[in-house]
Amino acid sequence: MKKVLLFTALAAALTAGLAQAGEKLVVAATPVPHAEILELIKPTLAKEGVDLEIKVFTDYVQPNVQVAEKHLDANYFQTLPYLESFNKGKGTNLVTVIGVHVEPFGGYSKKIKNLSELKDGATIAIPNEGSNSGRALILLQKAGLIELKDPTNAVSTPKDIAKNPHNFKFKELESALLPRVLDQVDLDMINTNYALEAGLNPATDALVIEGSDSPYVNFLVARPDNKNSDAIQKLAKALTSPEVKAFIEQKYKGAVVPAF
């Protein structure tokens, strides 16, 4: 009888300890600004019983693969067009939870100071992922450099260019690699998170950049089976808090814009 009581007491103590530790939530993010924003809200979530662990990735594929395979609970790094393209291409069923911020996409150069200086046959580097490729090309069309067959096609590639009067050459690379070729190309179309990591200031360094009305909101993403869980919903609430809004506005000074 004493052994049973002792076992019961130990079990109760263990359960209490786990409850005190809180529910663990493992979230994938790219380093800037996503992981930085998640680090900001870790103390807030801890007070609400959620133990947030941040897994930092430098690519756009594994964060989705890991969540889809249930190795991770959620991720925070991507736009809806990218997610839709990924789901379609990989056969996954990831879903958005809440939109957090916009990172205006921009074009950078170390060879020219104005788009008007681009010479015929100049090389432009763009992302090779469907939605990011389309995003770059749509921005180039808005700048008057090219014309697309369908300006609304979010997954356009160089094959979808209808008019290229200056015979620009397009170098397609993974988004994470684009900052590395800044010295090698005439214009480099870089996602803001990678631009920030490379020490670029989108607000002052970009020769062309999306406006504040950009539809490319970065979302917290999860699975249908855990989207509405208590921990995920607490995370969503914390990511769209006044604290996060003030942090984004003060730290990134227009390079990242709150979407809430």
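The paragraphs below set out a description of the structure included in this document. Just so we're clear, the structure is a prediction, and the values are computed from it rather than from any experiment.

Quick notes on the rules
- Residues numbered from 1 in each chain as written.
- Predicted model: local features only at pLDDT ≥ 70, side-chain atom pairs only at ≥ 80, totals over all residues.
- Heavy atoms only, no water.
- Pairing = 2+ DSSP bridges.
- Helix = DSSP H or I, 4+ residues; strand = E, 2+ residues; numbered from the N terminus.
- Contact = heavy atoms within 4.5 Å.
- Axes fitted to C-alpha atoms, helices over the stretch in contact; angles between N-to-C directions.

## Comments concerning the sheet that holds strand β13 (residues 257–258)
Read across the open sheet, the 6 strands follow the order β2-β1-β3-β12-β4-β13; overall the sheet is mixed. Only two strands of the sheet have a single partner each, and these edge strands are β2 (50–56) and β13. Taken strand by strand, helix α2 (residues 31–47) contacts β1 (23–29), β2, β3 (74–79), β4 (95–102) and β12 (217–222), and its axis lies near 165° from that of β2.

## Details of unusual backbone geometry
The omega angle of the peptide bond from V32 to P33 is 0°, so this bond is cis rather than trans. Positionally, P33 belongs in helix α2. At N167, a residue that is not glycine, the phi angle is positive and equals roughly 55°. Phi is positive for K253, which is not a glycine, with a value near 45°. As for its position among the elements, K253 is in the loop between α9 (242–252) and β13.

## Overview of the sheet that holds strand β9 (residues 169–173)
The strand order across the open sheet formed by 5 strands is β9-β6-β10-β5-β11, and the pairing between neighbours is mixed. Bordering the open sheet on either side are β9 and β11 (208–209), each of which pairs with just one other strand. Summarising the sheet, strand β6 (residues 123–127) and strand β10 (residues 187–190) pair through 2 bridges and their orientation is parallel. In the strand pairing of β10, I124 is matched with L187. Those strands touched by helix α5 (residues 130–142) are β5 (106–108), β6, β9, β10 and β11, and its axis lies near 140° from that of β6.

## Re the environment of V155
In this structure, V155 sits in the loop between β7 (147–148) and β8 (161–163). Sequence spacing of V155 and K110 is 45 residues, and the spatial spacing of their C-alpha atoms is 27 Å.

Treat this as a map of the structure, not an account of what it does.
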